[in-house]
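Structural characterization, general
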Amino acid sequence: MIKYNEMEFQTHLEVYEPAEDTFLFLDNLNIKENDYVLEIGPGTGIISIIASKTAENVVAVDINPHAVECTRKNAEHNKAFNIGVREGDLFDPVKGEKFDLILFNTPYLPTGEDEKVDDQLEAAWDGGEEGRETIDRFLDELYDHLKPHGRVQMVQSSLSDIPKTLKRLEEMGFEAAVTASEHYFFEEVVVITGTIS
Ligand SMILES: C[S@@+](CC[C@H](N)C(=O)[O-])C[C@H]1O[C@@H](n2cnc3c(N)ncnc32)[C@H](O)[C@@H]1O
């Protein structure tokens, strides 16, 4: 169990426990009152639940069934009744839907075949050989799930090529920038914010 802003969140051995990147993201969220928000990868649900206190509605999608369960329980415990939690890969469970804001603290660590572990928790950090496997699949589908002038906020690390993400967003028509960053041990972790211009 962890506490944040007088709220309590249950954790689970196979669900990403809120860490420095989570708190950097939480400190730099830009949620507006009427936003219809999608969070990919809620883990314990902490970001979706905090976002739901400002936003109109939140949909949270995780590929890890334990994270789905954890997010549901934590949403109920914190009386966040405007969150819908769905299980699946990236945008699969929200086909055809468009959002004002999409959030994702991505699995951004370069991970070789010999570093893989057989556990649901792996989806939290395993970014494939270059750390970009999920980031690039997310960017491929992002634009089609945003309303006009929609926004994205995502977290990644200097280990998984931040300039490439910015370039891809700009090529799609976003104004994008690093809006927060923090140095941890061997990497820079950043929040990237983009708006369709
Ligand atoms: C770094 S954790 C972030 C968890 C939480 N948002 C936080 O900040 O504490 C990444 C989350 O994304 C989920 N995830 C990874 N790949 C995914 C995918 N393809 N589709 C949906 N969720 C995914 C993981 O299961 C994990 O819960």
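The structure presented is a predicted model; accordingly, all values stated were derived computationally and were not measured. (Residues numbered from 1 in each chain as written. Predicted model: local features only at pLDDT ≥ 70, side-chain atom pairs only at ≥ 80, totals over all residues. Heavy atoms only, no water.)

1. A short note on the overall build of the protein chain
- In terms of regular secondary structure, the protein chain is built from five helices and nine strands.
- Expected size for 197 residues packed as a compact globule is a radius of gyration near 16 Å; at 15 Å, the protein chain falls within 12% of this value.
- Oriented by its inertia axes, the alpha-carbon framework of the protein chain measures out at about 40 × 40 × 30 Å.
- The buried share among the 197 residues of the protein chain stands at 53%.
- Of the contacts formed within the protein chain by residues at least 6 apart in sequence, a portion of 64% connects residues at least 24 apart. (Helix = DSSP H or I, 4+ residues; strand = E, 2+ residues; numbered from the N terminus. Rg over C-alpha atoms; globule rule 2.2 N^0.38 Å. Buried < 20%, exposed > 50% of the residue type's maximum accessible area, 1.4 Å probe, protein only. Contact = heavy atoms within 4.5 Å.)

2. Quick word on the UniProt feature "domain: Methyltransferase small" (unreviewed entry) in the protein chain
- When the UniProt feature table is mapped onto this chain numbering, "domain: Methyltransferase small" (unreviewed entry) sits at residues 22–168.
- The span residues 22–168 carries 29% helix and 24% strand; its end-to-end C-alpha distance comes to 23 Å. (UniProt positions renumbered as here; feature names shortened; annotations may be inferred.)

3. Considerations on the sheet that holds strand 9 (residues 187–196)
- Within the open sheet, the seven strands sit side by side as 5-4-3-6-7-9-8. Their pairing is mixed. A strand with exactly one partner marks an edge of an open sheet, and here the two such strands are strand 5 (83–87) and strand 8 (174–184). Neighbouring strand axes in the sheet, compared pairwise and without regard to direction, differ in orientation by 15° on average.
- Bridge analysis of strand 8 against strand 9 gives 10 bridges, and the strand direction is antiparallel. Bridged to Ala180 within strand 9 is Val191.
- Packed onto the sheet, helix 4 (residues 133–142) meets strand 3 (36–40), strand 6 (99–105), strand 7 (146–157) and strand 8 and runs at close to 175° relative to strand 7.
- Running over the sheet, helix 5 (residues 162–171) touches strand 7, strand 8 and strand 9 and is turned about 165° from strand 8. (Pairing = 2+ DSSP bridges. Axes fitted to C-alpha atoms, helices over the stretch in contact; angles between N-to-C directions.)

4. Some words on the nonpolar core
- One finds Leu38, Leu103, Phe138 and Leu142 to be the most contacted residues of the largest nonpolar core, which totals 56 residues.
- Filtering out sequence-adjacent residues up to four positions away, Leu142 remains in contact with Phe91, Ile102, Val152, Leu169 and Phe174. (Core = buried A, V, L, I, M, F, W, Y, C linked by side-chain atoms within 4.5 Å.)

5. Quick notes on unusual backbone geometry
- Phi at Asn5 takes a positive value of approximately 50°, unusual for a residue other than glycine.
- By the element assignment, Asn5 lies in the loop between strand 1 (2–4) and strand 2 (7–9).
- Its identity as a non-glycine residue notwithstanding, Leu90 has a phi of 45°, on the positive side.
- Counting through the fold element by element, Leu90 comes out in the loop between strand 5 and strand 6.
- For Leu90, a relative accessible area of 4% gives the class buried.

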